[in-house]
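Close look at the chain arrangement
Each chain is listed here by its residues.
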Amino acid sequence: MSAPVLNVAPGVTHARPDPSSWIGPLSDQSAVRSFTLGDLRLTYVVDGALELDLAEFLPAAPATYWQAHPEAVNGSGRIAASVGGVLVERGRRKLLIDVGLASNVLAPTLGISRGGALLHTLRASRASPESIDTVAFTHLHTDHTGLGFVRDRKQCHR
């Protein structure tokens, strides 16, 4: 029996995991997940996926480390990483912490980057982008600020 699937964008799906198996292999991408803590509801909102080159992303880690930890790399021999944000809901208030990669692309030497599903993921999670009260950034790397600095048709940041 296959896990239920959340369609976050055309051609992009994430399995809804069985809560008893929330901790998966390091080589897997993250899925959309929510949990409640008191009167807060927190949802990881997936924007996309990265496949990072071992030597470029973590140059201090020797090849022997990766040989000793094959579970840490995916079938392509890269580090799997997800990009997105955390939606924090309390009553009618909604805070989005980080906004993923969007259409930005990491330097090709770092690996493969695919982003841009955050708005679709929000809608699929029953939270419209317009309902977000506040956006906060943990730090200003492009994989956290993607939608925060997108230009509109008039080339203005929105």
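Below is a summary of the structure that appears in this document.

Parameters and conventions
Residues numbered from 1 in each chain as written. Predicted model: local features only at pLDDT ≥ 70, side-chain atom pairs only at ≥ 80, totals over all residues. Heavy atoms only, no water. Helix = DSSP H or I, 4+ residues; strand = E, 2+ residues; numbered from the N terminus. Buried < 20%, exposed > 50% of the residue type's maximum accessible area, 1.4 Å probe, protein only. Contact = heavy atoms within 4.5 Å. Areas by Shrake-Rupley, 256 points an atom, 1.4 Å probe, with all protein chains shown as cover. Pairing = 2+ DSSP bridges. Core = buried A, V, L, I, M, F, W, Y, C linked by side-chain atoms within 4.5 Å. Salt bridge = Lys/Arg side-chain N within 4 Å of Asp/Glu carboxyl O. Patch = residues over 30% accessible without salt bridge, like charges linked within 9 Å, V, L, I, M, F, W, Y side chains within 5 Å.

1. Looking at the overall build of the protein chain
- Broken down by element type, the protein chain carries four helices and eight strands.
- Along the protein chain, helices (α) and strands (β) appear in the sequence β-β-β-β-α-α-β-β-β-α-β-α when read from the amino end.
- Put simply, the protein chain has 158 residues, and 32% of those count as buried.
- Partitioning the intrachain contacts of the protein chain with sequence separation of at least 6 by distance along the chain shows that 61% fall at a separation of at least 24.
- Accessible surface computed for the protein chain: about 9,900 Å², of which carbon and sulfur atoms make up 57%.

2. Some thoughts on the pairing of strand 6 (residues 93-97)
- Here strand 6 shows a buried face lined by K94 and L96 and an unburied face lined by R93, L95 and I97.
- With five bridges connecting them, strand 5 (residues 79-90) and strand 6 associate as antiparallel partners. What sits directly across from V86, in strand 6, is I97.
- Hairpin connection from strand 5 to strand 6: two residues lie between these consecutive antiparallel strands, with G91 at a positive phi of about 60°.

3. A look at the nonpolar core
- Listed in full, the ten residues of the largest apolar core are L50, L52, L54, W66, A72, V73, I79, V83, L101 and L106.
- Residue assignment for this core shows that the elements contributing at least two residues are strand 4 (40-52) and strand 5.
- One finds V45, L87, L118 and I132 within the second-largest nonpolar core, a separate group that totals eight residues.

4. Looking at the environment of I79
- Note that I79 resides in strand 5.
- Sequence spacing of I79 and D53 is 26 residues, and the spatial spacing of their C-alpha atoms is 6.6 Å.
- Among residues more than four places away in sequence, those in contact with I79 are L50, E51, L52, L54, F57, L58, W66 and A72.

5. Notes on unusual backbone geometry
- Phi is positive for A102, close to 55°, though the residue is something other than glycine.
- Structurally, A102 is set in the loop between strand 6 and strand 7 (111-114).
- Positive phi, normally seen in glycine, also occurs at R126, with a value near 65°.
- Looking at the element boundaries, R126 is found in the loop between helix 3 (118-124) and strand 8 (134-136).
- We classify R126 as exposed; its relative accessible area is 71%.

6. Points about the environment of S103
- Position of S103 relative to the elements: it lies in the loop between strand 6 and strand 7.
- Judged by relative accessible area, which is 66%, S103 ranks as exposed.
- Distance from S103 to R114, taken between C-alpha atoms, is 7.8 Å for residues eleven residues apart in sequence.

7. A short note on the pattern of salt bridges
- For the coordinates displayed, the defined rule picks out four salt bridges.
- Across the pair E89 and K94 runs a salt bridge whose closest N-O atoms are separated by 3.9 Å. The burial state of E89 is the same as that of K94; both residues are buried.

8. Overview of a nonpolar patch on the surface
- Judged by side-chain polarity, V135, F137, L140 and F149 come together as a nonpolar surface patch covering roughly 390 Å² of accessible area.
- Tracing the sequence through the fold places V135 in strand 8.
- Owing to a relative accessible area of 43%, V135 belongs among the partly exposed residues under this scheme.

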